[in-house]
Amino acid sequence: MTRRSAAPADLFAAARAGDRAALARLLSLVERGGDEAREIGRIGYPYGGQAYTVGLTGAPGAGKSTLTSAVIGHLRRAGTEVAVLAIDPSSPFTGGAILGDRVRMQDHATDPGVFIRSMATRGHLGGLSLATPEAVRLLDAVGRRWVLVETVGVGQVEVEIAGKADTTVVVVNPGWGDSVQANKAGLMEIADVFVINKADRKGADETRRDLEQMLDLSDLAAEAWRPPILATVATDGSGIAELWDTVLAHRTAVEASGELERRRSFRAREELREIVARRLEQRARELATGQRWDQLHDDVVHRRTDPWTAADEMLAGVDA
Ligand SMILES: Nc1nc2c(ncn2[C@@H]2O[C@H](COP(=O)(O)OP(=O)(O)O)[C@@H](O)[C@H]2O)c(=O)[nH]1
Ligand SMILES: [Mg+2]
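Please read all numbers here as calculations on a predicted model, not as lab measurements.

1. Remarks on the overall build of the protein chain
On a plain count of helices and strands, the protein chain comes out with 13 helices and seven strands. Nonlocal contacts in the protein chain, meaning residues at least 24 apart in sequence, comprise 74% of its contacts between residues at least 6 apart. Accessible surface computed for the protein chain: about 16,600 Å², of which carbon and sulfur atoms make up 52%.

2. Some words on the confidence of the model for the protein chain
Summarising the model, the protein chain shows a mean pLDDT of 87, and 86% of its residues fall at 70 or more. Contacts from residues 91–100, a stretch scored under 50 in pLDDT, to residues over four places away or in other chains number ten contacts.

3. Some details on the coordination of the magnesium ion (ligand 2)
Six octahedrally arranged donors around a metal ideally form angles of 90 or 180 degrees; four tetrahedrally arranged donors ideally form angles of 109.5 degrees. The coordination sphere of the magnesium ion (ligand 2) contains the protein donors S65 (OG) and E150 (OE), at a distance range of 2.2 Å. Placement of S65 in helix α4 (residues 64–77) and of E150 in strand β4 (residues 146–152) is noted, with a sequence separation of 85 residues between them. A relative accessible area of 4% means that S65 is categorised as buried. Note on E150: relative accessible area 7%, which makes it buried.

4. Here's the deal with the pattern of salt bridges
Tallying each qualifying case throughout the model produces 17 salt bridges. Note that D140 and R145 form a salt bridge whose closest N and O atoms lie 3.9 Å from each other. A salt bridge links R263 to D192, with the nearest nitrogen and oxygen atoms 2.7 Å apart. Taken together, the positions of R263 in helix α11 (residues 259–287) and D192 in the loop between α8 (184–190) and β6 (193–197) put the pair 71 residues apart, joining distant regions of the chain. Salt bridges linked by common partners bring D192, E259, R262 and R263 together as one network.

Conventions and cut-offs
Residues numbered from 1 in each chain as written. Chains lettered and ligands numbered in written order. Predicted model: local features only at pLDDT ≥ 70, side-chain atom pairs only at ≥ 80, totals over all residues. Heavy atoms only, no water. Helix = DSSP H or I, 4+ residues; strand = E, 2+ residues; numbered from the N terminus. Contact = heavy atoms within 4.5 Å. Areas by Shrake-Rupley, 256 points an atom, 1.4 Å probe, with all protein chains shown as cover. pLDDT = per-residue confidence, 0-100. Donors = N, O, S within 2.8 Å, 3.2 Å for Na, K, Ca; no water. Buried < 20%, exposed > 50% of the residue type's maximum accessible area, 1.4 Å probe, protein only. Salt bridge = Lys/Arg side-chain N within 4 Å of Asp/Glu carboxyl O.

The structure is reproduced here in structure tokens:
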């Protein structure tokens, strides 16, 4: 049996037994969406619930991939296994960012304790916002316990995806206060931990003051967990151990307070809502074609029917 024709159930069993090629194939199917993706989701779902996800997000070039690679190194020295999803919506196949990430992360390419995957959206219904949680669930279901998700924190969708992690690390650089590119308000909202990476450059102290000030003014300051602000130099590993300790501290805090459970429950509801909305949208597109549609359209144009009545007629008997 070739990989291409292997059934999702067989691939899933193989991936759970540690077959990385099977896991990669499953992720491709998930990424592509459609019936096979749904079947994989169905098969894997009962096995999940053990993984902890850490999102790293920030502007392009902030050093997220370098930081991720450094964190992987830190975890591996402690014998901890880790999976990484690098999300890049702008590069469906071989975009520069993905290649760059691959090169940067190639230190870990032959380490069986590390699984790295670059993901882009293709035909998936709902795009990355639905494909990413599915991919994370798959990694969870095949037994991965730590999943790092690197996303570019620019667009609203990407920031939303980043905010879906159990712990979200927002990566900024010295001078961030002046940059207008990043979705600053969005990033402030989702941060559990701030990292000022490239702290070897000047302006790190100023950026820290800016962040503290923004935190003081935001709702976050009133919450039980005030996002700590750390400084790192990802290229030489400075601050990486502290970063990981802070992630662990956040995990402990949200587990103890019940916040983790609340977040996951909220996320499940949001995802369910989104799936329903996407399916209704698709159904609506399907309805808006064909002879009956053309007739109703014509009736509206020639004022034989008003648009609301036409819509009622279109929807009559539709099991949406
Ligand atoms: N000086 C300095 N450069 C860094 C640091 N971290 C990353 N870089 C460099 O910044 C560039 C972008 O890093 P990358 O990890 O690809 O950023 P990403 O787009 O956020 O994933 C690369 O040339 C890195 O070598 C750092 O702490 N200090
Ligand atoms: Mg990157």
